[in-house]
Amino acid sequence: EMRGLTPGGPMAATDEEWYETVHPDDRAIARHYTDLINAGHADEVSFEYRERKPDGSWVWIMCRGRAIEHDAEGLATRFVGVDTDITDMKQTEEERQLYAHQLDIALTVGKIGIWQYNAETDTVTWDRRLRQIYGVPLDLNPLPRNIWESMIHPDDLEMVNERTLLGQARRQDYDLDYRIIRADGAVRHIRSRISLVADGANGPSFMGINWDITDDVQRSLQLEEAKREAEERLYQLSLAHRELEYLSNHDPLTGLHNRRSLRNYLSDLCPDGRAPRGTGFLLFDVDRFKRVNDRFGHAMGDEMIECVAKALSETLADAGIIARTGGDEFLAVVVDGDAD
């Protein structure tokens, strides 16, 4: 039944015929143990192989045999054996190996290492990926008890120790972000997740995963720097925009409004071309201003214009607008809403 055979049906009559039903990859091991049995050189055998059933499918068989009779020279002359169908077990094992392989690929691509610390035996184990992350030789066994603490960045050591002791005391999962200094001097950023395995084979232990987040941290820092630079540029552009806006509406020498600003103000004040009731226009110019420039120079003339602008601003503080409309000309608009 195991082999899919039926009473009276065809069946291998010799070893060579039987070998033809054995999977090509398993024939060597089947031939080896069969030869040992036939020669009487084995007292016990145990091996696994695949055998093809009449329908073309394969069955995994665990073959165990033991000699029960020997001749005068001690050679085995009679065997009894038990064959067990282990097809389901093999399929489960293959699936488990596939999952293990996939997990190994995921952990390798993700730069994730695994460690385990047994609190009862005070021993620690690291897998190869974790050793690669920390730059620890693969053949360093056993690992020094303090190897992890010795590689933590001094600025992070106190925080790491405090959170580790707290997490272990509470016997609950906890996370850590810290830096390490590898033997080659490289500083790496590590993220760690730790869990308690209460029913481990060797007693309770803590198991954790570490992954290298240095690239992520550096990208984050670069993004923050880029954001800061962008904000600084935006601020500078805003200042420049306000400065340009100010310069386009103000006289650079006196700081008073210029003709453009005055024109915009009057357009808003007199949309129909007529000034509202109570509006006054005061026009000022500086007598003999050209003589001042000719006799004392333009620097003195500019200083004089600045003094006039200051006096107008202080005297007409309530004016709607004061503008410099020419070299020595000024116009103030005074609006009195209560005036008749």
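Above this note sits the structure.
Below, the structure is looked at part by part.

Rules used in this analysis
Residues numbered from 1 in each chain as written. Predicted model: local features only at pLDDT ≥ 70, side-chain atom pairs only at ≥ 80, totals over all residues. Heavy atoms only, no water. Core = buried A, V, L, I, M, F, W, Y, C linked by side-chain atoms within 4.5 Å. Buried < 20%, exposed > 50% of the residue type's maximum accessible area, 1.4 Å probe, protein only. Helix = DSSP H or I, 4+ residues; strand = E, 2+ residues; numbered from the N terminus. Contact = heavy atoms within 4.5 Å. Arc of directions from axis to C-beta. Pairing = 2+ DSSP bridges.

This paragraph deals with the nonpolar core. Ranked by internal contacts, the top residues of the largest apolar core, which has 21 residues, are Trp 115, Trp 126, Tyr 134, Val 136, Trp 148, Leu 176 and Tyr 178. Residue assignment for this core shows that the elements contributing at least two residues are β4 (112-118), β5 (123-126), α4 (128-134), α5 (147-151), β6 (174-181) and β7 (187-197). With four residues, β6 is the single largest residue contributor to this core. The contact partners of Trp 148, leaving out residues within four places of it in the chain, are Trp 126, Tyr 134, Val 160, Thr 164, Leu 176 and Tyr 178. Membership of the second largest hydrophobic core comes to eleven residues, among which are Ala 309, Leu 312, Leu 316 and Phe 330.

With that settled, consider helix α9 (residues 289-296). Taken as a whole, α9 has its buried residues at Phe 289, Val 292 and Asn 293. For α9, the buried positions fall inside an angular range of 95° around the axis, keeping them on one side. Exposed residues lying more than 90 degrees from the buried face of α9 are Lys 290, Arg 291, Asp 294 and Arg 295. On its buried face, α9 sits against α10 (298-315).

All right, on to the pairing of strand β10 (residues 321-324) then. What you see with β10 is no split at all: Ile 321 and Ala 323 on one side and Ile 322 and Arg 324 on the other are buried throughout. Note that β10 and strand β11 (residues 329-335) share four bridges and pair antiparallel. Bridge assignment links Arg 324 to a residue of β11, and that residue is Phe 330.

Here the amide bond leading from Asn 141 into Pro 142 is cis, since omega sits at -10°, within 30 degrees of zero. Its location among the elements puts Pro 142 in the loop between α4 and α5. With a phi angle near 55°, Arg 171 is a residue other than glycine that sits in the positive phi range. Looking at where Arg 171 falls in the secondary structure, it is placed in the loop between α6 (154-170) and β6.

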